[in-house]
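Breakdown of the fold
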Amino acid sequence: MANMARSFLQVAATEEVASPLRVVQIEGLVILKIIKHCKEFSPALVTGQLLGLDVGSVLEVTNCFPFPIREEDEEIEAEGANYQLEMMRCLREVNVDNNTVGWYQSTLLGSYQTVELIETFMNYQENIRRCVCIIYDPSKSNQGVLALKALKLSDSFMELYRNNNFTGEKLREKNLSWVDIFEEIPIKVSNSALISAFMTELEADSPVTQCDYDRLKLSTNPFLERNVEFLIECMDDLSMDQQKFQYYYRNLSRQQAQQQAWLQKRRAENMARRAAGEDPLPEEDPSNPIFKPVPEPSRLDSFLITNQISNYCNQINGVAGQSFCRLYLMKGLHEN
Amino acid sequence: MASEHTVLQFSSSSSASLSAKVHPLVIFNICDCYVRRPDQADRVIGTLLGSILPDGTVDIRNSYAVPHSESSDQVALDIDYHHNMLISHQKVNPKEVIVGWYSTGLGVTGGSALIHEFYSREVSNPVHLTVDTGFSTGEGTIKAYVSVNLSLGDRQLAAQFQEIPLDLRMVEAERVGFDILKTTMVDKLPTDLEGMEASMERLLALVDEVYKYVDNVVEGRVAPDNNIGRFISDTVASLPKLPPTAFDKLVNDSLQDHLLMLYLSSITRTQLSLAEKLNTAAQVL
């Protein structure tokens, strides 16, 4: 009978098969809220919490609320936690889904791949089995692009991060390269029928929208310039990191050479001792400083920088592609 | 009649020039609250937040629902909830203040006057926004009102709700794209180039339409309209007049700049994947 008396919670915990997260389904309301918050405070970076439901392989995001701008003060931090609880309580009272599914944050030109992001992810992941981070880029939106991305950390990366194991050997064992840190999850947008009706009603008759104007603007150079600037900075960081590795490898090979020399000496000595009929000395000596392993620098930083660089490259490609379209369009117009 | 000194007067406070502007988020929020309303409630009401622009327009940018209960002759509003929520919202954005309140349903109902009075104590001259979520007239009517006091001499007779013009142009929604907000389900967000393609297609359709119109006018099938003609000539004139060589140079320079950028970013990417391979190779050795 004791077996029968398992609580519902236990049953749920044991019998649930974790299906992988396939799609993030966002309500139009959430998109507008995120955009409003991020844009109003741009260029300052802001965050907020996502509320919703976890249904099978789909994570539904049905509401969200912004966090006040964080300040480095203990007292205010405690107040922030209070704010969060208060907000959740209030929203529950008007029947909003009261379940945290992740958070959103704004970014500048897609420079979000940082250690802090990973740490926040780990914090969230401890409490919520499945969570996502939605990233919105206000600077890119001025080009007429809806720059919304849903990210999560890959499982294999999380395991490594938990053990703080970023040596080359472990990474090779897991077959993890820099592209495998973040997983981008496809976004679906859903709206209630009521909203759909209102928007159809309110849509302007004019066939041209603000979005088209933004897209057809010819001046993308400032955006491109800043992208390249950021790229150059990242390159510097990467080369610094590479130097660290070179230093490590130099140290490692020097140490190995020393070890070899020591071993040969010891062997020769042992040979002599054996010839003299004495017991050989052990071939290892833990007390000798040359056997102390050289600490290997973590590869996390270089991985993140690499991610960042490839992100900038993608953005440059995207903007350049759009610009080509625009330029050819201008040319066509002019010739006519 | 002339000897009577009491005059029926509408004391309006600059309501003539007052107008309001609504952020699409507010409409979304109201609809969402309506969908999630408690079983027995017929309508939802809530607070509108925003600011008053320098030209006197009330800019409604945010909203939150306030739980309430309504019976035939009285309305109970959860005032604590309203204040808590207000404090929370102001922590995030202190610039947004109360500008009025909203209710679902068509037009103003009896209980509205009481609620409006409450909001008048929070802010002077609040705006009342009604959103007809029931589509009772067959279309989603959204209206804004201000209250005007009707007094006979010194005696308050009643409050009259006066409709004010409401700006429903939704630039923010256009930025996101109505294609995404209009349908109940979108499977994929458009990428940079897909968006570009859609814009181009629309532009092309517009150009075609103008062509057709001009052809029709020239051939006498359509009566010419001077206004449209002026718009078209303005549009054509807005193209900068450049000698072809200068224009070609401009375009080609730009093209080359962008090609260079593309080349650089490709090199960088190649470099990255090369480094990745070399790194693994170095570890294997």
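Residue numbers run consecutively from 1 along every chain, following the written order of its sequence. The naming scheme follows written order: chains are lettered A onward, ligands numbered 1 onward. The predicted nature of this model means local features are confined to residues of pLDDT at least 70 and side-chain atom pairs, given and counted, to a pLDDT of 80 or more, with totals for whole chains, interfaces and linings taken over all residues. As a rule here, side-chain values come from all non-hydrogen atoms in the structure, and water together with hydrogens is ignored.

Short version of the rule: UniProt positions are given in the numbering used here, feature names are shortened, and annotations may be inferred rather than shown by experiment.
By the naming in an unreviewed UniProt entry, chain B goes by Eukaryotic translation initiation factor 3 subunit F and is assigned to Ziziphus jujuba. According to UniProt, the comment filed for chain B under the heading Subunit (unreviewed entry) is "Component of the eukaryotic translation initiation factor 3 (eIF-3) complex." Listed in UniProt under the heading Subcellular location (unreviewed entry), the comment for chain B reads: "Cytoplasm".

If you check an unreviewed UniProt entry, chain A appears there as Eukaryotic translation initiation factor 3 subunit H from Ziziphus jujuba var. spinosa. Word for word, the UniProt comment on chain A under Subunit (unreviewed entry) is "Component of the eukaryotic translation initiation factor 3 (eIF-3) complex."

Things to note about the overall build of chain A
Rule in force here: The secondary structure listing takes helices from DSSP runs of H or I that are at least 4 residues long and strands from runs of E that are at least 2 residues long, numbered from the N terminus. Any residue under 20% of the maximum accessible area for its type is buried, any over 50% is exposed, and the rest in between are partly exposed; the area is computed with a 1.4 Å probe on protein chains only. Only heavy atoms matter for contacts: two residues are in contact if any of them lie within 4.5 Å across the pair. We get accessible surface area from the Shrake-Rupley algorithm with a probe of 1.4 Å; when it comes to residues, only the shown protein chains can shield them.
When helices and strands are tallied, chain A shows 11 helices and eight strands. By the burial criterion, 47% of the 336 residues in chain A qualify as buried. Contacts in chain A between residues far apart in sequence, at least 24 positions, make up 76% of those at least 6 positions apart. On chain A, roughly 17700 Å² of surface is accessible, and the fraction owed to carbon and sulfur atoms is 52%.

Observations concerning the state of the cysteines
Residues and elements named next belong to chain A. Note the following rule: Disulfides are defined as pairs of cysteine sulfur atoms found within 2.5 Å of each other.
If you walk through the whole model with that rule in mind, you get zero disulfides over all chains. Looking at Cys 131, it has no disulfide partner, and the nearest cysteine sulfur is the one in Cys 133, 8.4 Å off. Cys 133 sits in the buried class, given a relative accessible area of 0%.

Details of the interface of chain A and chain B
What counts here: Two parts placed together each lose some accessible area under a 1.4 Å probe, and adding up what both lose gives the buried area. Every case where a carboxyl oxygen of Asp or Glu lies within 4 Å of a side-chain nitrogen of Lys or Arg is listed as a salt bridge. Throughout, the ten residues Ala, Val, Leu, Ile, Met, Phe, Trp, Tyr, Cys and Pro are labelled nonpolar, Asp, Glu, Lys and Arg are labelled charged, and all others, Gly among them, are labelled polar. Two strands are said to pair when DSSP picks up at least two bridges between them.
Between chain A and chain B, the residue contacts involve 95 residues of the former and 82 residues of the latter. Summing the contributions of chain A and of chain B, the shared interface buries around 8300 Å²; its carbon and sulfur component is 68%. Three residues stand out in chain A for area buried against chain B, namely A:Leu32, A:Phe198 and A:Met199, and they jointly supply 9% of the buried area on that side. Linking chain A with chain B are three salt bridges, by the criterion used here. Ionic pairing is found between B:Arg36 and A:Asp97, a salt bridge with its closest N-O pair at 3.7 Å. Per element, the largest residue contribution to the side of chain A that touches chain B is 22 residues, and it comes from helix α11 (residues 300-335) of chain A. Class assignment for the residues of the side of chain A that touches chain B results in 48 nonpolar, 26 polar and 21 charged. Judged from the two bridges that link them, strand β8 (residues 187-190) of chain A and strand β12 (residues 185-186) of chain B form a sheet pairing that is antiparallel.

A closer look at a nonpolar patch on the surface
Using the following cut-off: Like charges within 9 Å and nonpolar side chains (Val, Leu, Ile, Met, Phe, Trp, Tyr) within 5 Å are joined into patches, using only residues over 30% in relative accessible area that form no salt bridge.
Taken together, the side chains of B:Leu260, B:Tyr263, B:Leu264 and B:Ile267 define a hydrophobic patch exposed on the protein surface, amounting to about 390 Å² of accessible area. With respect to the element layout, B:Tyr263 can be found in helix α8 (residues 244-284).

Digging into the pairing of β8(A)
As paired elements, strand β1 (residues 23-27) of chain A and β8(A) share four bridges and run parallel to each other. If you follow A:Ile26 over to β8(A), its bridge partner there is A:Val189.

Some details on a negative patch on the surface
Residues and elements named next belong to chain A. Counted only if it meets this: Under this rule, positive means Lys or Arg and negative means Asp or Glu; His and the chain ends count for nothing. In this description, the location of a charge corresponds to atom NZ of lysine, CZ of arginine, CG of aspartate or CD of glutamate.
A grouping of Glu 225, Glu 229, Glu 233, Asp 236 and Asp 237 is seen on the molecular surface, where their side chains present a negatively charged patch. The residue Glu 225 is located in helix α10 (residues 221-275) in this model. According to the relative accessible area criterion, Glu 225 is exposed, its value standing at 52%.

A closer look at the sheet that holds strand β5 (residues 132-136) of chain A
Across a sheet, paired strands are connected by hydrogen bonds in the backbone, their directions being either parallel or antiparallel. A sheet is described by the order of its strands in space; here nine strands give the open sequence β7(A)-β6(A)-β5(A)-β4(A)-β2(A)-β3(A)-β1(A)-β8(A)-β12(B), paired in mixed fashion. Edge strands, defined here as strands with exactly one partner in the open sheet, are β7 (182-185) of chain A together with β12 of chain B.

Regarding empty space enclosed by the protein
Inclusion rule: Two kinds of site are reported from a 1 Å grid over the protein atoms alone, namely cavities, where a 1.4 Å probe fits but cannot get out, and pockets, open sets with protein on both sides within 12 Å along at least five of seven lines, and residues are called lining when an atom falls within 4 Å of a point. Grid points are joined across faces, edges and corners, and a volume is the space filled by probe spheres set on the points.
A full pass over the atoms with the stated rule returns four cavities of 30 Å³ or more. Estimated volume of the largest cavity: approximately 290 Å³. If you go around the largest cavity, you meet 28 residues; those closest to its centre are A:Lys33, A:Pro66, B:Asn62, B:Ser63 and B:His89. Counting only elements with at least two residues in the lining of the largest cavity, the list comes to α2 (28-41), β3 (58-66) and α3 (74-93) of chain A together with α1 (24-35), β4 (58-66) and α2 (79-92) of chain B. It is α2(A) that provides the largest number of residues to the lining of the largest cavity, a total of five residues. Split by residue class, the lining of the largest cavity holds 16 nonpolar, seven polar and five charged. Considered as a void within the structure, the second largest cavity measures approximately 60 Å³ in volume. Around the second largest cavity, the lining residues are A:Ile35, A:Lys39, A:Tyr136, A:Ser141, A:Gly144, A:Val145, A:Leu146, B:Arg175 and B:Val176. Elements supplying a minimum of two residues to the lining of the second largest cavity: α2 of chain A together with α4 (171-176) of chain B.

Observations concerning the environment of A:Ser219
Among the structural elements, A:Ser219 can be located in the loop between α9 (210-216) and α10. For the pair A:Ser219 and A:Ser323, spaced 104 residues apart in sequence, the C-alpha separation works out to 8.8 Å.

Describing the packing of aromatic side chains
All names here are of chain A. Put simply, the test is: Any pair of Phe, Tyr and Trp rings, taking the six-membered ring for Trp, is counted once the centres come within 6.5 Å. Such a pair is stacked with planes under 30 degrees apart, edge-to-face with planes over 60 apart, and tilted for the rest.
All chains considered together, the criterion is met by 12 aromatic pairs over all chains. With centroids separated by 5.2 Å and ring planes inclined at 55 degrees, the aromatic side chains of Tyr 248 and Tyr 249 adopt a geometry described as tilted. Given the relative accessible area of 28%, Tyr 249 is considered partly exposed.

Overview of the environment of B:Gly140
Inspection of the secondary structure puts B:Gly140 in the loop between β8 (127-131) and β9 (142-152). The exposure class assigned to B:Gly140 is buried, which follows from its relative accessible area of 10%. With 34 residues separating them in the primary sequence, B:Gly140 and B:Leu106 have C-alpha atoms 9.1 Å apart. Contacts of B:Gly140, omitting those with residues within four sequence positions, involve A:Phe198, A:Glu201, B:Asp132 and B:Phe135.

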